Protein chains: 2
Amino acid sequence: MADALPKSLEHLVERLSTLPGVGRRTAERLAHHLVRAPQAEALSIADAIREAREKIRPCSVCRAPAESDPCPICADPARDPALVLVVETARDLKAVEDSGAWKGRYHVLGGRVSPIEGVGPDDLALDALVARATEGVREVVLATNPDLEGDGTALHVEKALAPTGVKVSRLARGVPAGGSLEYLSKTVLAEALDHRR
Amino acid sequence: MADALPKSLEHLVERLSTLPGVGRRTAERLAHHLVRAPQAEALSIADAIREAREKIRPCSVCRAPAESDPCPICADPARDPALVLVVETARDLKAVEDSGAWKGRYHVLGGRVSPIEGVGPDDLALDALVARATEGVREVVLATNPDLEGDGTALHVEKALAPTGVKVSRLARGVPAGGSLEYLSKTVLAEALDHRR
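Presented here is a report on the structure given in the accompanying data block. Model, not experiment: these values are computed from the prediction.

The rules behind each value
Residues numbered from 1 in each chain as written. Chains lettered and ligands numbered in written order. Predicted model: local features only at pLDDT ≥ 70, side-chain atom pairs only at ≥ 80, totals over all residues. Heavy atoms only, no water. Helix = DSSP H or I, 4+ residues; strand = E, 2+ residues; numbered from the N terminus. Contact = heavy atoms within 4.5 Å. Expected span 1.5 Å × (residues − 1). Pairing = 2+ DSSP bridges. Axes fitted to C-alpha atoms, helices over the stretch in contact; angles between N-to-C directions. Salt bridge = Lys/Arg side-chain N within 4 Å of Asp/Glu carboxyl O. Nonpolar A, V, L, I, M, F, W, Y, C, P; charged D, E, K, R; others polar. Buried < 20%, exposed > 50% of the residue type's maximum accessible area, 1.4 Å probe, protein only. Right-handed = clockwise from strand over helix to strand, strands pointing away. Least-squares fit on C-alpha atoms with pLDDT ≥ 70 in both.

So, about the side chain of Glu28(A). Tracing the backbone shows Glu28(A) in helix H2 (residues 24-36). Those residues in contact with Glu28(A) that sit more than four places away from it in its chain are Val13(A), Arg91(B) and Lys94(B).

What follows is the structure in structure tokens.
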């Protein structure tokens, strides 16, 4: 019996399987869709990936993915540069930003300390944060996810910031322990910002 | 509050949302992964989509996606051209082919009759099948999915083939009603082929 999938289709399945949360079955379903869908529709996805990779770089100040450097938030004079909110990922940044409750700036760590996944503090954008903290920052708000690894990450950030003497606060315990920042309602995020300690 | 997603990233999210089974949240997760992953990894997905679109065409005989025309199965002299097994999709073809139980050839309808989804018999590759049936085909095995729409589709195929006088059989009732061909075990598929009626 011959291999039933053409080589380039098999290759596409294999490539799609590298995406997070996409197993072999899902990759096969997506690949077959991509070769059957209208040509323009399929190629627009390939183009969008390429375009995003060409245009998007981490902001040299806050590390958020952006098309300009500094990013629009870091370049916005209306956003208080003395207030820096630290998040694990750009998706968390978006969740906070969408709440409309934060008028300061951000710092994206680019992950979380996780011994299981082999991610240590050195893998995060901590040095850049410490450098920022010594340049007119009044307060750093730690908005890591309210779970074990997020709390651990926050401790690492706090320790790294200690020598700078900058004021460090945490989101109020309005964020439910064990939850995921990305999926919280705007109200919960806004309250947690109001009551930060 | 500014839009927190850069334009090209938002565009990528929007494009990925067009994939079947991919909602806004999943698209955001995939898009952020694609801009954070190593450059080569992300671009290899874009390239694989483009390459598959360039190389893959429906076989002019059986309509299966293939890089050559006719496809390797239609071009294989060891596969009996007088026996044609009809499937809804190329994924079903792969399921049957992986079972190793079919030594004839295939015909891919490219869908199923579904009034709810606005798919009628005219949307399927029926004419091509009827034309094949008049050219030395001894038996057509209907292997549509064993559910309401699959059975309905089989009836349409049978009706279209009636004027040709070709022998038409169905998979034996080894395939469990309500199931999905793609997910059946090889043994179940092999048995259903053995007992076709």
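So, next bit.
Okay, helix H3 (residues 39-55) of chain B next. Here H3(B) is 17 residues long and its end C-alpha atoms lie 24 Å apart, about the 24 Å a rise of 1.5 Å per residue gives. Here the buried face of H3(B) lies against helix H1 (7-16), H2 and helix H3 (39-55) of chain A together with helix H2 (24-36) and strand E1 (57-58) of chain B.

A separate point is the sheet that holds strand E5 (residues 139-142) of chain B. Residue and element names in this part refer to chain B. Across the sheet, which stays open at both edges, the four strands sit in the order E4-E3-E5-E6 with parallel pairing between neighbours. Edge positions in the sheet fall to strand E4 (104-108) and strand E6 (167-170), since each has one partner strand and no second. In this sheet, adjacent strand axes meet at a mean angle of 30 degrees when their direction is disregarded. Bridging between strand E3 (residues 80-87) and E4 involves five bridges; their strand directions are parallel. Bridge pairing in E4 places Val 86 opposite His 107. Along the sheet face, helix H6 (residues 148-161) touches E5 and E6 and points at about 170 degrees away from the line of E6.

A few words on the sheet that holds strand E6 (residues 167-170) of chain A. Residues and elements named next belong to chain A. Pairing within the open sheet is parallel, and its four strands lie in the order E4-E3-E5-E6. This sheet does not close on itself; its edge strands, each paired only once, are strand E4 (104-108) and E6. Averaged over neighbouring strand pairs, the angle between their axes works out to 30 degrees when direction is ignored. Inspection of the sheet shows strand E5 (residues 139-142) paired to E6 by four bridges, in the parallel sense. Among the inter-strand pairings, Leu 142 is bridged to a residue of E6, identified as Arg 170.

Contacts between the two partners involve 60 residues from chain A and, on the opposite side, 59 residues from chain B. For the interface between chain A and chain B, the tally reads four salt bridges. The partner of Asp47(A) in a salt bridge is Arg50(B), with the nearest N and O atoms 2.5 Å apart. Of all the elements in the fold, those that place two or more residues in the side of chain A that touches chain B are H1, H2, H3, strand E2 (65-66) and helix H4 (90-99) of chain A. Counting residues per element, the side of chain A that touches chain B draws most heavily on H3(A), at 15 residues. Each residue belonging to the side of chain A that touches chain B can be placed in one class, and the counts come to 29 nonpolar, twelve polar and 19 charged.

The next thing to look at is the pairing of E3(B). Residue and element names in this part refer to chain B. Most of E3 is tucked away: six of the eight residues are buried. Regarding topology, helix H4 (residues 90-99) serves as the crossover connection from E3 to the parallel E4, and that connection is right-handed. Sheet analysis places E3 next to E5, joined by four bridges and oriented parallel. Counterpart to Leu 83 in the pairing with E5 is Glu 139.

Turning chain A through 180 degrees and shifting it by 0.0 Å along the axis lays it on chain B, with an RMSD of 0.1 Å. These values place the two chain copies in the arrangement generated by a two-fold rotation axis. Taking C-alpha positions as the reference, the residue of chain A nearest the rotation axis is Ala46(A), at 2.1 Å. Same-surface contact between copies: 98% of interface residues of chain A are shared with the interface of chain B.

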